[in-house]
Structure formats: C-alpha cells, structure tokens
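An overview of the molecular structure
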Amino acid sequence: MFNELTEKLDGFFSKLKGRGKLTEQDVKAALREVRRILLEADVNFRVAKEFLKKVEERAIGEEVLKSITPAQQVIKIIHDELIELLGDNWTQLKRSKEPPTVYLMVGLQGSGKTTTTGKLGNYLKKRGMRPLLAACDLQRPAAIDQLERVGEQVGLQVVSRVADTPLEVARLAKKRARSEGWDTLIVDTAGRLHVDDALMEELAQIKEELHPAEVLFVADGMTGQDAVNSAQAFSERLGITGVVLTKMDGDARGGAALSIRHVTGQPIRFTGMGEKLDALEEFHPSRLADRILGLGDVVSLVEKAQQSVDHEKAEKLAKKLKKAQFDLEDFLDQINQLAKMGPLENLLQMIPGAGKALKGVQVDPSEMKHVEAIILSMTPDERRRPNIINGSRRKRIALGSGQSVQDVNRLLNQFDQMKKMIKKMSGKGKKMPKGMMPPLG
Ligand SMILES: Nc1nc2c(ncn2[C@@H]2O[C@H](COP(=O)(O)OP(=O)(O)OP(=O)(O)O)[C@@H](O)[C@H]2O)c(=O)[nH]1
Ligand SMILES: [Mg+2]
C-alpha cells in the first residue's frame with residue numbers, strides 16, 4: 001500500500017538531504033515536486049493544493065531556514081500535516097446507549113460492503129461482542145446467499161428472507177436483536193453503479209428506522225478519484241460517520257485515503273487488506289503517515305504477530321527451543337502461523353527499509369505450500385529426527401511431495417541453519433520475543 005508514493009518521496013528526500021540550508025526557492029521547488037507526487041498518486045487536486053499550502057506556510061521562513069537539518073524539518077512538517085489531514089488518532093466505533101448498537105454499511109456496487117459486514121462482525125466478535133448481521137440487499141437474490149455464507153464462515157447469525165423490502169427486513173432485524181439480546185446489528189445494504197436517487201431514498205429510510213450509531217461508507221481504495229466523488233455524494237445526501245477503505249492490499253495508488261478524509265471530514269475507521277474475513281485493520285493515521293514517508297510500520301507488525309500466534313503453542317515452542325529440541329513439526333507449525341498472518345508482502349512492507357530492499361523480490365505464497373508439502377511427505381519419525389533422512393529417503397519425499405530432490409535438500413539445509421542460529425541465540429541467553437517466530441533459514 002502506498003508503495004509508489006513512498007518510493008517517490010524517498011527519492012526526492014534523498015536529494016534534499018544532500019543540501020545545505022533551504023531557501024524559499026528550494027522549498028517551493030520541493031513542494032512542486034511533492035505536488036506532482038500527490039497528483040500522480042490520485043490525490044484530489046483540491047486536497048493536494050490545500051495540503052501543500054499548509055506545508056508551505058510552515059516550511060518557508062525561519063522555522064526551516066534556521067534549522068540545522070532543513071530536509072528533516074521539511075519531512076517532519078509534511079509528516080505532521082499528513083497526520084493532520086488523515087485525522088486524529090483511532091477511536092473505537094460509537095456505541096448506542098440502548099442495545100442493539102446498529103452499524104449501517106453503505107457504498108457503491110462492489111465496493112466491499114458484504115465482505116466488510118462479515119469482517120466487522122468477526123472483528124467485534126473477537127472483542128467479546130455479540131453481533132447479528134442483517135441482509136438488506138434485496139437487489140439481487142445472490143446478495144442474500146453471499147451474506148449467509150459470510151455469516152457462516154465467521155460463525156454469526158444472519159437475519160434474511162424475513163420480508164420483501166429492505167426497510168422491513170431492517171426493522172425486523174432490529175426487533176429480533178433487541179428481543180434476543182444481540183448487542184450489535186450490522187446491516188448490509190444494496191449498492192449501485194452510480195449514486196442514484198432510489199438508492200439514497202432507500203438508505204435514508206433505513207437510517208431513519210434504525211438510528212444507527214455509525215453509518216460506514218465502504219469505499220474501494222483502488223478507485224482513486226471516483227471514490228472521492230461518491231464519498232462526497234453519500235456524505236452530503238445521507239450523512240456518513242466514518243469510512244472503510246477496502247482493497248488496500250492491492251496496488252492502490254493511495255490518494256483515495258487522503259482525499260476521502262479531507263472531502264467528507266469523516267474519519268477512516270478501517271482498511272480492508274484482503275478477501276479473507278480477518279483481513280480488516282484499524283486505521284492509524286500516524287502509522288500510515290510513517291508508511292507514506294517510508295518509516296515502516298513496526299507497531300502494526302508486532303500487533304499482528306501477537307494476535308495471530310497461538311500463545312500456548314508459542315510457549316511450548318520456547319521451551320523446546322531452550323532445549324534445542326526444535327524439529328520439523330515445529331518448523332511446519334511456524335510456517336502455518338506465518339500463513340495466518342496474511343500475505344507475506346504485507347508483513348514485509350511494515351518492516352522499515354524492507355520495502356526498498358525487497359523491491360522487485362516476489363514472495364511467492366506457493367513456495368510456502370511447497371515447503372508444507374515436503375514436510376507432510378515425511379514420516380513422523382523423519383520430522384522429529386531430520387538427520388536420519390538419507391539419500392533414498394530424500395528421493396521418496398521428493399516424489400511424495402511433487403518437488404525435486406534439490407528442493408528437499410534446500411529445505412533441510414535451511415532448517416539446519418535455522419537450528420544452528422537458534423542454538424546460538426539461546427546459548428547467549430537471548431530471549432525470543434514472545435509470539436514471534438525466528439527468521440526462516
Ligand atoms: N483484495 C480485496 N478484495 C476485497 C476486499 N474487500 C472486498 N473484496 C472483494 O471485492 C469483491 C466485492 O465485494 P463485496 O463485499 O461483494 O462488495 P459489495 O459492496 O457487497 O458489492 P454489491 O453487493 O454488489 O454492491 C469481492 O470479490 C470481495 O472478495 C479487500 O479488502 N481486499
Ligand atoms: Mg453486497
């Protein structure tokens with residue numbers, strides 16, 4: 001996410017870093033460059049203009065000219081202003097005084113409403129709440145099926161097929177939530193290709209009926225300028241309280257986040273980071289600003305690791321590590337843990353410097369599958385005592401896993417190296433961070 005923007009700013013700032021004090025001329029030239037970067041990244045031109053005006057006001061003059069490292073000063077100003085533009089720090093979604101708290105999901109067709117309904121339900125469930133989902137998209141019969149499937153996947157009940165109009169389904173769903181004691185109701189609605197009156201009217205009626213605590217505008221992060229226009233329309237005609245930016249796992253140009261926030265004045269609450277129903281992240285402006293400026297997002301990385309790793313397993317593993325009993329079963333376990341943390345590229349992006357260093361390096365998820373296949377083709381005994389795996393066993397494992405003998409050799413070598421490294425670490429009495437895995441080979 002925001003790769004291109006980061007890269008360009010990086011390139012520009014490395015030029016800047018080589019210079020002495022900045023003159024007004026320099027600042028203007030620098031900001032012209034930043035403006036080009038922002039526009040290319042699909043930031044709305046009005047937003048870019050206002051943003052840069054603020055930066056310029058702060059940058060030109062004493063503050064920068066008197067500073068010892070002017071480049072750093074400019075970076076800091078841009079960073080601060082970015083955070084300012086992206087919004088205040090993340091806060092929890094609002095709750096209603098009387099249950100159920102209703103969250104109304106709205107947005108254009110295909111923006112990710114139904115998926116996000118499931119993701120949000122999953123997110124709240126994990127935090128101890130009891131959400132109920134409501135299928136109020138009666139445009140297409142398939143829409144109801146889809147939400148029912150999503151509900152099943154995350155283990156949540158869905159109110160569907162109880163009436164013929166979205167408004168009536170919404171009303172009955174809230175009634176049911178109240179009488180059965182569900183504390184949250186998340187309402188999936190229909191989308192349209194373009195903002196149209198019929199849709200706005202339908203949504204306005206549902207909103208009036210349900211008194212939602214939040215109206216969340218779900219926007220496709222890949223759509224750039226379009227996202228801005230529709231966000232503005234929904235914001236003006238319906239009134240929204242927050243934004244979920246989906247598909248930010250793709251190569252979104254990034255401008256959407258900046259612009260939508262500015263145009264609607266409403267905070268971005270979450271980002272969708274994949275099709276899976278756990279791929280929803282809380283939106284942290286400061287972290288995103290760090291990311292835009294290439295400072296990495298270590299906080300997210302650590303949080304992610306902690307959430308995904310089963311702590312009990314981690315503790316068992318730590319004990320094994322101490323006794324240097326780490327075997328291929330554990331190795332496989334670790335690979336599966338890693339897989340749970342999401343696409344590898346996402347994780348690597350969060351490590352400072354990794355974005356640049358790994359540029360062009362493709363991390364192939366099928367690699368992981370190969371490793372898994374190889375280990376699964378071993379006997380339990382072989383997994384526990386890899387040193388017994390001789391030449392003929394290697395051939396058998398290669399055949400069984402559909403990989404080459406070289407692949408098997410490589411994996412065993414990697415495992416060997418990793419074991420040596422672990423021994424070294426535990427020998428020095430260094431503690432592995434809780435829940436973190438050792439680097440792969
Ligand atoms: N990569 C990626 N895909 C997503 C994300 N969120 C949703 N999608 C995909 O986008 C497509 C559309 O998502 P839906 O949830 O059906 O969108 P919708 O807004 O409900 O669509 P309509 O009901 O037709 O208006 C699906 O293929 C989803 O899997 C995301 O964060 N990342
Ligand atoms: Mg839908």
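Residues numbered from 1 in each chain as written. Chains lettered and ligands numbered in written order. Predicted model: local features only at pLDDT ≥ 70, side-chain atom pairs only at ≥ 80, totals over all residues.

Topic: the overall build of the protein chain
The helix and strand inventory of the protein chain stands at 21 helices and 8 strands. Relative to its full complement of 441 residues, the protein chain shows a buried share of 39%. Of all intrachain contacts in the protein chain linking residues separated by at least 6 positions in sequence, the fraction that spans at least 24 positions is 75%. (Helix = DSSP H or I, 4+ residues; strand = E, 2+ residues; numbered from the N terminus. Buried ≥ 20, exposed ≤ 12 C-beta atoms within 10 Å, placed from the backbone. Contact = placed C-beta atoms within 7 Å.)

What about the confidence of the model for the protein chain?
When the pLDDT values of the protein chain are averaged, the result is 79; 69% of them are 70 or greater. Note on residues 352-362: pLDDT under 50 across the span, and 12 contacts to partners over four residues away in sequence or across chains. (pLDDT = per-residue confidence, 0-100.)

Concerning the site of ligand 1
Neighbouring residues of ligand 1: 20 residues in total, closest Gly112, Thr114, Thr115, Gly191 and Gly272. Broken down by element, the residue count for the shell around ligand 1 peaks at 3 residues, all from helix α6 (residues 113-126). Broken down by class, the residue content of the shell around ligand 1 amounts to 3 nonpolar, 12 polar and 5 charged. (Near = placed C-beta within 6 Å. Nonpolar A, V, L, I, M, F, W, Y, C, P; charged D, E, K, R; others polar.)

Topic: the environment of Phe415
Take Phe415: it is sitting in helix α21 (residues 405-427). Judged by the 20 C-beta atoms lying within 10 Å of it, Phe415 falls in the buried class. The spatial distance from the C-alpha of Phe415 to the C-alpha of Phe331 is 7.8 Å, given a sequence separation of 84 residues. Look past the residues within four positions of Phe415 in its chain and what remains in contact with it is Leu328, Phe331 and Pro386.

Digging into the nonpolar core
Residues Leu104, Ala134, Leu185, Val187, Phe217, Ala219 and Ile260 are the most contacted members of the largest nonpolar core, which totals 73 residues. At 6 residues, helix α2 (residues 24-40) tops the list of elements feeding residues into this core. For Leu185, the residues in contact, after removing those within four places along its chain, are Pro100, Val102, Leu132, Ala134, Ala173, Lys174 and Ala177. (Core = buried A, V, L, I, M, F, W, Y, C linked by C-beta atoms within 7 Å.)

Topic: the pairing of strand β5 (residues 214-220)
Taking burial as the measure, the 7 residues of β5 include 7 buried ones, the bulk of the element. Burial of the side chains of β5 extends over both faces: Glu214, Leu216, Val218 and Asp220 are buried on one face and Val215, Phe217 and Ala219 on the other. In this sheet, β5 lies alongside strand β1 (residues 101-106) in parallel orientation, the contact comprising 4 bridges. Looking at β5, one finds that Tyr103 is bridged to Glu214. Examined bridge by bridge, β5 and strand β6 (residues 242-246) share 5 bridges and lie parallel to one another. By the bridge assignment, Phe217 is partnered in β6 with Val243. (Pairing = 2+ DSSP bridges.)

A look at the sheet that holds strand β7 (residues 268-272)
An order of β3-β2-β4-β1-β5-β6-β7-β8 is seen for the 8 strands of this open sheet, with the pairing classed as mixed. The sheet is open, and its two edges are formed by β3 (158-159) and β8 (280-282), each paired on a single side. Of the strand pairs in this sheet, β6 and β7 are connected by 3 bridges, and their pairing is parallel. Its bridge partner lying in β7, Leu245 is registered against Thr271. In the packing of helix α7 (residues 141-154) onto the sheet, contacts are made with β2 (131-136), β3 and β4 (184-189), and the angle to β2 comes to roughly 165°. The strands touched by helix α8 (residues 166-180) within the sheet are β1, β2, β3 and β4, with β2 carrying the most contacts at an inclination of about 165°. (Axes fitted to C-alpha atoms, helices over the stretch in contact; angles between N-to-C directions.)

With respect to unusual backbone geometry
Note that the residue after Pro99, namely Pro100, is joined by a cis bond; omega there is 0°. In this model, His211 sits at a positive phi of 45°, which is unusual for a non-glycine residue.

Considerations on helix α9 (residues 197-210)
The periodicity of an α-helix, 3.6 residues per turn, causes residues three or four positions apart to be oriented the same way. Between its terminal C-alpha atoms α9 stretches 20 Å, which fits the 20 Å expected from 14 residues at 1.5 Å a residue. Listing the buried residues of α9 in full gives Leu199, Glu202, Leu203, Ile206, Lys207 and Leu210. The arc that holds every buried residue of α9, seen down its axis, measures 135°, which confines them to one face. Turned more than 90 degrees away from the buried face of α9, the exposed residues are Asp197, Ala198, Glu201 and Glu208. Contacts made by the buried residues of α9 are with β1, β2, α8, β4 and β5. (Expected span 1.5 Å × (residues − 1). Arc of directions from axis to C-beta.)

Brief notes about the packing of α6 against α7
Direction vectors running N to C along α6 and α7 enclose 25°, while the axes themselves pass 9 Å from each other. Considering the angle they form, α6 stands roughly parallel to α7. Taken as a pair, α6 and α7 cross one another with a handedness that is right-handed. Contacts between α6 and α7 involve Thr114, Thr115, Thr117, Gly118, Gly121, Asn122 and Lys125 from the first element and Ala143, Gln146, Leu147, Val150, Gly151, Gln153 and Val154 from the second. Looking at the contact of α6 with α7, its residues break down into 4 nonpolar, 9 polar and 1 charged. (Parallel < 35°, antiparallel > 145°, perpendicular 65-115°, else oblique. Left-handed = near helix turned anticlockwise from the far one by under 90°.)

Re the pairing of β7
Counting buried positions over the 5 residues of β7 gives 5, a clear majority of the element. One ladder, built from 3 bridges, connects β7 with β8; its direction is antiparallel. Considered in β8, the bridge of Thr271 is made with Glu281.

Considerations on the environment of Leu167
Looking at where Leu167 falls in the secondary structure, it is placed in helix α8. Separated by 42 residues in the primary sequence, Leu167 and Glu209 have C-alpha atoms spaced 7.7 Å apart. Beyond its immediate chain neighbours, meaning those up to four positions away, Leu167 contacts Gln205, Ile206 and Glu209.

Thoughts on the packing of α8 against α9
When two helices pack together, their arrangement is given by the angle between the helix axes and the distance between those axes. Viewed as axis vectors pointing N to C, α8 and α9 meet at an angle of 20°, and their least axial separation amounts to 9 Å. As judged from the angle between their axes, α8 and α9 are roughly parallel. With respect to the hand of their crossing, α8 and α9 are arranged in right-handed fashion. On α9, the residues that touch Pro166, Leu167, Ala170, Arg171 and Lys174 of α8 are Glu202, Gln205, Ile206, Glu209 and Leu210. Of the residues belonging to the contact of α8 with α9, the class tally is 5 nonpolar, 1 polar and 4 charged.

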